[in-house]
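For reference, the chains in residue letters:
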Amino acid sequence: MIDKRVASPAAAVADIHDGATVMIGGFGEAGSPIELIHALIDQEARDLTVISNNCGSGEVGLAALLKARRVAKMICSFPRTANSTVFPGLYRSGYTRLELVPQGTLAERIRAGGAGIPAFYTPTAVGTPLGEGKEHRRFGDREYLMEHGLTADFALIKARRADSHGNLVYNRTARNFGPLMAMAGRITIVQASDVVPPGDIDPEAVVTPGIFVDRVVHVPSPAHESELVAAGASYP
Amino acid sequence: MIDKRVASPAAAVADIHDGATVMIGGFGEAGSPIELIHALIDQEARDLTVISNNCGSGEVGLAALLKARRVAKMICSFPRTANSTVFPGLYRSGYTRLELVPQGTLAERIRAGGAGIPAFYTPTAVGTPLGEGKEHRRFGDREYLMEHGLTADFALIKARRADSHGNLVYNRTARNFGPLMAMAGRITIVQASDVVPPGDIDPEAVVTPGIFVDRVVHVPSPAHESELVAAGASYP
Amino acid sequence: MTRAASETGQVLGWTRDEMAARVAQDIPDGSYVNLGIGIPELVARFVPEGRELIYHTENGLLGMGPSPAPGRGDPELINAGKRQVTAIPGASFFHQSDSFAMIRGGHLDLCVLGAMQVSQQGDLANWSTGADDDIPAVGGAMDLVAGVKRIFVVTQHCTRTGEPKLVERCTYPLTGLRVVDRVYTDLAVIDITPAGFRLVEPAPGVDLDLIRARTGAPVLPVAPIPPIALIAERSTDA
Amino acid sequence: MTRAASETGQVLGWTRDEMAARVAQDIPDGSYVNLGIGIPELVARFVPEGRELIYHTENGLLGMGPSPAPGRGDPELINAGKRQVTAIPGASFFHQSDSFAMIRGGHLDLCVLGAMQVSQQGDLANWSTGADDDIPAVGGAMDLVAGVKRIFVVTQHCTRTGEPKLVERCTYPLTGLRVVDRVYTDLAVIDITPAGFRLVEPAPGVDLDLIRARTGAPVLPVAPIPPIALIAERSTDA
């Protein structure tokens with residue numbers, strides 16, 4: 001009997017180990033699995049490599065994980081935020097290293113990792129500092145560079161609804177990196193506002209099939225990062 | 001004002017030229033755009049390169065296009081059918097050439113073409129006759145081979161429902177190659193059982209966003225290939 | 001339902017159904033499984049009570065159910081063999097690129113396939129005779145063997161003309177190199193090990209000598225210590 | 001709403017709104033468009049009546065509508081600038097890999113972006129000052145310029161300190177090489193041609209001499225025969 005439900009965020013992230021590579025969904029606050037991130041902060045794993053498009057805002061969620069000095073390296077496309085000085089401080093001090101990846105290349109690298117494709121060619125970043133040192137190659141009359149697939153030990157993502165088989169649908173632009181990270185994470189952990197029995201999600205409308213999901217945690221009323229930041233919250 | 005509706009299958013395929021590369025959706029009869037294929041037969045374009053997973057059955061649809069000697073080359077994964085001798089005859093006579101591609105590689109090549117990725121590496125077919133002559137490369141401890149993206153001048157696909165912006169949903173396993181070919185066709189032509197105004201398809205459930213679609217033809221009751229074959233039909 | 005005949009003409013070994021049932025015994029609860037055409041399809045009928053498997057069909061469905069009741073099918077709800085099927089509660093439909101991402105990305109736990117030949121190093125030939133007049137057709141076979149975590153082969157031990165299908169080196173064109181983990185035949189369950197074929201379990205009434213006589217490469221005896229189950233439990237890898 | 005000042009201190013050229021409106025004039029009906037942050041965002045307000053454009057935001061929405069009414073927004077329905085937006089009828093949501101497949105695959109007709117510098121061969125610098133203490137951040141800018149069919153830049157002609165932004169060679173780190181098709185500034189509309197910058201249209205009251213004085217590379221005069229409109233109609237390429 002397949003039932004991927006786990007009792008709590010704490011139980012869901014309990015085995016994330018020091019030095020693990022962790023993908024964290026979200027574009028800005030949309031799709032950011034704040035409750036899972038906070039459980040990871042409580043859990044105390046350190047020396048993490050985090051793959052996420054941004055670096056969080058304020059002092060909650062991803063920014064709080066960074067502030068707690070748990071992240072040795074960030075792989076992301078846009079670490080700047082108007083309202084957070086957490087990452088800039090860690091970056092300038094040399095505590096947290098940065099691998100900057102164009103957003104579309106980041107997405108495709110994660111998809112490739114999940115799809116068993118070790119490398120692919122893209123025109124993005126040719127002729128720019130982010131293309132330097134990468135293998136270049138001509139196809140037809142255009143220059144491309146080679147990028148490698150990315151996988152992770154764990155993926156933490158947020159869904160609007162999950163069933164107990166792990167089938168997922170998302171909320172609007174909160175979908176962003178979720179379906180890709182679910183594919184690329186060896187253990188994919190999902191927080192969902194709604195958890196339903198198999199059959200309650202239209203099979204034509206499933207965005208992430210359950211095969212990509214290992215654990216589902218019910219978080220009925222997830223916090224909105226912007227509201228926490230506006231209220232001056234910090235975690236823990 | 002965006003309205004991609006076209007009056008008839010004949011009007012939709014009118015500009016397919018001799019020598020064109022045409023992707024045709026479907027896995028067996030599921031998703032095969034029979035009415036568009038029949039309009040293409042009527043239209044008389046020849047010397048086509050057709051990219052489609054199979055070679056049709058009986059003497060209707062794709063098999064009829066082949067039988068009419070319009071196809072110079074097939075790119076497909078499984079050209080054998082229990083109930084059709086059309087392709088075997090053309091292949092043995094040397095009239096229609098065959099590029100045989102593993103099904104997953106075919107799918108990924110079409111997606112890559114549509115996504116602006118000129119080439120990628122895959123473990124599929126390493127050590128087999130279909131891998132011979134291809135560039136091989138090691139990543140980590142495993143051997144891969146390089147495959148190229150595929151695009152086409154036209155893509156013919158079948159949807160369950162379309163809106164006038166070209167947003168699509170499919171019917172069950174008829175989805176197969178449709179969303180990929182819609183991306184990879186320079187002109188993507190869709191036959192849909194249902195055509196609705198924008199807004200009538202849930203934006204969370206759209207499978208093919210309208211940007212990938214150029215023309216939508218309403219074919220309210222598409223024929224089922226297996227029923228035509230059972231009835232001994234042939235086209236024209 | 002052919003059975004191997006002993007030298008005295010007596011019917012020996014497992015039937016097709018028994019072979020399928022033997023495979024089913026080895027599939028852990030919760031596995032994501034792709035079943036090939038032929039005997040592999042029969043496996044779904046013999047899954048022990050209390051185990052839930054999820055079936056993938058590479059044409060774009062996870063959560064495939066049995067054939068529909070007569071007259072209730074949809075010609076566009078089919079499996080990879082192009083036969084009408086159903087979808088269970090919790091199923092999902094997806095396009096070919098997503099379907100093969102599941103396969104190539106190592107997300108499926110197990111694939112059960114038929115074979116023309118299996119070599120002692122686990123090479124599989126199951127897609128082409130290589131004959132000049134054969135219309136080559138491969139479908140998803142090469143993708144499945146390259147991507148799925150474990151590959152089980154289920155096949156008659158010998159061809160109709162008595163040639164071994166378990167061989168030193170495949171003579172038919174390969175589907176994949178070093179891909180098969182275990183073979184289920186009418187005569188035995190045999191693992192592919194670094195040392196070659198190793199007997200795991202003979203069919204009732206079959207002994208190692210008979211298996212060796214009908215195999216085209218050396219067969220090691222059952223390991224003195226029972227081998228660790230090939231898949232002890234569903235891996236937690238996604 | 002700063003305007004360029006003439007040598008006599010008189011305000012010259014187009015305002016930000018006028019620049020956005022001038023861009024909007026050149027976008028054909030039915031185009032799929034991605035608008036960058038800043039002046040590019042204003043373009044949507046000035047689309048001439050009777051034209052329908054579809055806006056893409058790379059974080060996963062095609063068919064983006066205007067900001068929501070106060071209190072009606074969803075923190076998870078945002079644009080690439082992380083501001084709340086709406087979705088029009090006919091919109092669709094998709095994941096990042098599909099979104100950038102649209103971009104990289106050449107499916108978007110037009111992208112309008114801001115710039116720090118544009119070179120006479122169409123190189124664009126708009127993501128980093130290259131300063132040591134700058135936190136580098138690129139987002140989707142490099143993907144957009146590499147993939148979208150036409151790239152329009154809209155920017156002040158000079159920096160606040162009066163340095164030209166249209167230059168022979170960019171000194172800031174590049175976003176893309178030979179990617180810009182046309183530049184809209186407060187002073188002029190200028191095409192990137194194989195021969196370098198070419199004036200298409202000066203702002204009212206601005207002449208070629210003034211434009212040349214404020215540009216860091218040669219500027220060719222308006223072509224004697226009116227150039228073919230850069231995008232005569234929406235390409236039928238998908």
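Please read these numbers as outputs of a predicted model, since none were measured by experiment. Numbering of residues begins from 1 in every chain and follows the order in which that chain's sequence is written. Lettering of chains starts at A and numbering of ligands starts at 1, both following the order in which they are written. Two thresholds apply to this predicted model, a pLDDT of at least 70 for residue-level local features and 80 or more for giving and counting side-chain atom pairs, whereas whole-chain, interface and lining totals are computed over all residues. Water and hydrogen atoms play no part in the side-chain values, which are based on all heavy atoms of the structure.

Trainee: Talk me through the sheet that holds strand 6 (residues 86-93) of chain D; I want residue IDs and the actual numbers.
Mentor: All names here are of chain D. For two strands to be treated as a pair, DSSP must find no fewer than two bridges joining them. By the criteria applied, helices consist of DSSP H or I runs no shorter than four residues and strands consist of E runs no shorter than two, each listed in order from the N terminus. Judged by pairing direction, the sheet is mixed, and its 10 strands sit side by side in the order 6-5-4-3-7-10-12-13-14-15 without closing on themselves. Among the strands making up the open sheet, the edge pair consists of strand 6 and strand 15 (219-220). As judged from the three bridges shared by strand 10 (residues 150-154) and strand 12 (residues 182-184), these two strands associate in the parallel manner. Directly across from Val153, in strand 12, lies its bridge partner Val183.

Trainee: Residues and numbers for the sheet that holds strand 9 (residues 124-125) of chain C, please.
Mentor: Residues and elements named next belong to chain C. Pairing is mixed in the open sheet, where three strands are placed in the order 9-8-11. On the outer flanks of this sheet lie strand 9 and strand 11 (166-167), each paired with one strand and no other. Here strand 8 (residues 117-119) runs beside strand 9; their pairing, made up of two bridges, is antiparallel. Note that in strand 9 the partner of Gln117 across the bridge is Ala125.

Trainee: So, the interface of chain A and chain C: which residues are in play, and what are the values?
Mentor: Working rule for contacts: check all heavy atoms of both residues, and any pair within 4.5 Å makes them a contact. The interface of chain A with chain C comprises 26 residues on the first partner and 24 residues on the second. Each of two parts loses accessible area, computed with a 1.4 Å probe, when they are put together; buried area is these two losses added. Of the roughly 2,000 Å² buried between chain A and chain C, counting both surfaces, carbon and sulfur atoms make up 55%. When the buried area of chain A at its contact with chain C is split by residue, Ile2, Pro203 and Ile211 of chain A rank highest and sum to 28% of it. Salt bridges, as used here, are contacts in which a Lys or Arg side-chain nitrogen is within 4 Å of a carboxyl oxygen on Asp or Glu. For the pair chain A and chain C, the interface holds zero salt bridges.

Trainee: Now, about the interface of chain D and chain A: what can you tell me, with residues and values included?
Mentor: Between chain D and chain A, the residue contacts involve 36 residues of the former and 46 residues of the latter. Contact between chain D and chain A buries roughly 3,400 Å² in total, counting both sides, with carbon and sulfur atoms accounting for 61%. Of all residues in chain D, Glu76, Arg104 and Ile135 of chain D give up the largest surface area on contact with chain A, accounting jointly for 22% of the area buried on that side. There are three salt bridges connecting chain D and chain A. Between Asp74 of chain D and Arg172 of chain A there is a salt bridge; the shortest N-O distance is 3.1 Å. A 3.5 Å cut-off defines polar contacts: any pair of N or O atoms within that distance qualifies, except that in protein one atom must be a possible hydrogen donor and the other a possible acceptor, and neighbouring residues in sequence count only when both atoms are side-chain atoms. Our count for the chain D to chain A interface comes out at 23 residue pairs in polar contact (both at pLDDT 80 or more). Elements with a minimum of two residues in the side of chain D that touches chain A: helix 3 (96-104) and helix 4 (141-147) of chain D. The element that contributes the greatest number of residues to the side of chain D that touches chain A is helix 3 of chain D, accounting for four residues.

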